[in-house]
Amino acid sequence: MRRFRVSLAALILPLLAACATDRQVIEQASSAHDQLDPAVVKDPEMVAYIQAMGTRIVDQARELHEQNYGPKAHFKEDADWMFSDAVQFHFVNSKTLNAFTTGGEHMYIYTELLKTCRTEDELAAVMAHEYAHIYGRHVGKGMDRRYWNLGGALALGVGGYALGGKKHGLEYGTAAATLGFVGLEYIGKGFTREDEAEADELGFEFYTRAGWDPQRFGDFFQQLIDKGFDVESDAASDHPTLRSRVAAAKARASKLPPDAARYRRPPVADAARFAAMKQRAELVARTMPNDETLETAQTLLAAVASCVAPTDTPDQRAARERIKQAVEEREKAEAAPRP
Ligand SMILES: [Zn+2]
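Okay, so let's go over this structure. (Residues numbered from 1 in each chain as written. Predicted model: local features only at pLDDT ≥ 70, side-chain atom pairs only at ≥ 80, totals over all residues.)

**As for the overall build of the protein chain**
Thinking step 1. The secondary structure content of the protein chain amounts to 13 helices and three strands.
Thinking step 2. Burial statistics for the protein chain: of 339 residues in total, 46% are counted as buried.
Thinking step 3. A separation threshold of at least 6 residues defines the contact pool for the protein chain, and within that pool the share at least 24 residues apart is 75%. (Helix = DSSP H or I, 4+ residues; strand = E, 2+ residues; numbered from the N terminus. Buried ≥ 20, exposed ≤ 12 C-beta atoms within 10 Å, placed from the backbone. Contact = placed C-beta atoms within 7 Å.)

Now the structure itself:
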């Protein structure tokens, strides 16, 4: 128990740094990835597809970087790693409608989101937005306050896993992850409103230059509005409303110079292949080995704050509740006298 506490402290302390270095963010993102990996889709066709899309986005970001485009935070450290092959988009097998990034080399697009996208443009807009969180170093900026708490929780899970050994590894890992979750007050709040708005702004540039239709950047958010996801913003919510995001996207598209048309390219997948990809996601979800590590990864994925909708969905709240209960059970078990 004592060793366990010491490890927790060792893992939490770096998180308190006011503004993390890229190295810290990348390392913690990598630990988090180990925990989420069981839910990552390994199907070669789907991997090739998301990587082809990602490459288009990252290539344009690199060009803009060379033109000194971006917020101050983007230029505070060397950014070469952001344009390397190590930076990857992943489809993850999850029934939650979301996408997120841990700010290092990994971005996660949930299969439910893929299935919800009507066109490749909608998917590309979300991907460009996620990459923009990396480009703007939003996770490092937030490491002292909110979003990163999830990454911290995932890193703690890995720490617990190592400590628990083979037999109890998963149980300990889950408990440690949950301790990170519940102990930190901001879990579920996600990025700040400013960071979300900035990710839309940067993402729009990457997306447009990568060849997708600028008029369609806001389509996915419009779809969510049509499905009733939008809510009036209130003081408690740090998320921008979907309506404001759609309006900003339309305004940006209308302000593009006429020669922006030269950026347009055909999508990576035509409509038929895109539809096939969505079907493939269903098949992959059904055939993925269903064990405890997948369940843990999916619970963590479900608990993550939304990057696409201003309110949490019932499954997101349920995942957080499950985690909370697991912690309480764990605490009870630890308090009980040992035989
Ligand atoms: Zn976001």
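Picking up after the structure, the text goes on.
**A short note on helix H2 (residues 22-36)**
Thinking step 1. The end-to-end C-alpha distance of H2 is 20 Å, a good match for the 21 Å that 15 residues give at a rise of 1.5 Å each.
Thinking step 2. Turning to H2, its buried residues number three or more, namely Val25, Ile26, Gln28, Ala29, Ser31, Ala32, His33, Gln35 and Leu36. (Expected span 1.5 Å × (residues − 1).)

**As for the nonpolar core**
Thinking step 1. Core analysis: the largest hydrophobic core is formed by 69 residues, its most contacted members being Ile109, Met127 and Tyr131.
Thinking step 2. Broken down by element, this core gets its largest block of residues, ten residues, from helix H5 (residues 120-135).
Thinking step 3. Residues within four places of Met127 in sequence aside, it is in contact with Met53, Gly54, Ile57, Phe89 and Ile109. (Core = buried A, V, L, I, M, F, W, Y, C linked by C-beta atoms within 7 Å.)

**Brief notes about the environment of Glu120**
Thinking step 1. Relative to the helices and strands, Glu120 resides in helix H5.
Thinking step 2. Remark: the alpha-carbon pair of Glu120 and Val268, spanning 148 residues in sequence, is separated by 8.0 Å.
Thinking step 3. Other than its neighbours up to four places away in sequence, Glu120 contacts Pro267, Val268, Ala269 and Phe274.

**Thoughts on the pairing of strand E3 (residues 106-110)**
Successive side chains on a regular strand alternate, one facing one side of the sheet and the next facing the other.
Thinking step 1. Among the five residues in E3, five count as buried, and that is most of the element.
Thinking step 2. Side-chain alternation along E3 places His106, Tyr108 and Tyr110 on one buried face and Met107 and Ile109 on a second face that is also buried.
Thinking step 3. Bridge count between strand E2 (residues 99-101) and E3: three bridges; the pairing is antiparallel. Its bridge partner being in E3, Thr101 is matched across the sheet by Met107. (Pairing = 2+ DSSP bridges.)

**Some thoughts on unusual backbone geometry**
Thinking step 1. One non-glycine residue, Asn68, lies in the positive phi region at around 60°.
Thinking step 2. By C-beta crowding, Asn68 is classed as exposed, having 8 other C-beta atoms within 10 Å.
Thinking step 3. Backbone geometry places Arg137, a non-glycine residue, at a positive phi of 50°.
Thinking step 4. Owing to 27 C-beta atoms within 10 Å, Arg137 belongs among the buried residues under this scheme.

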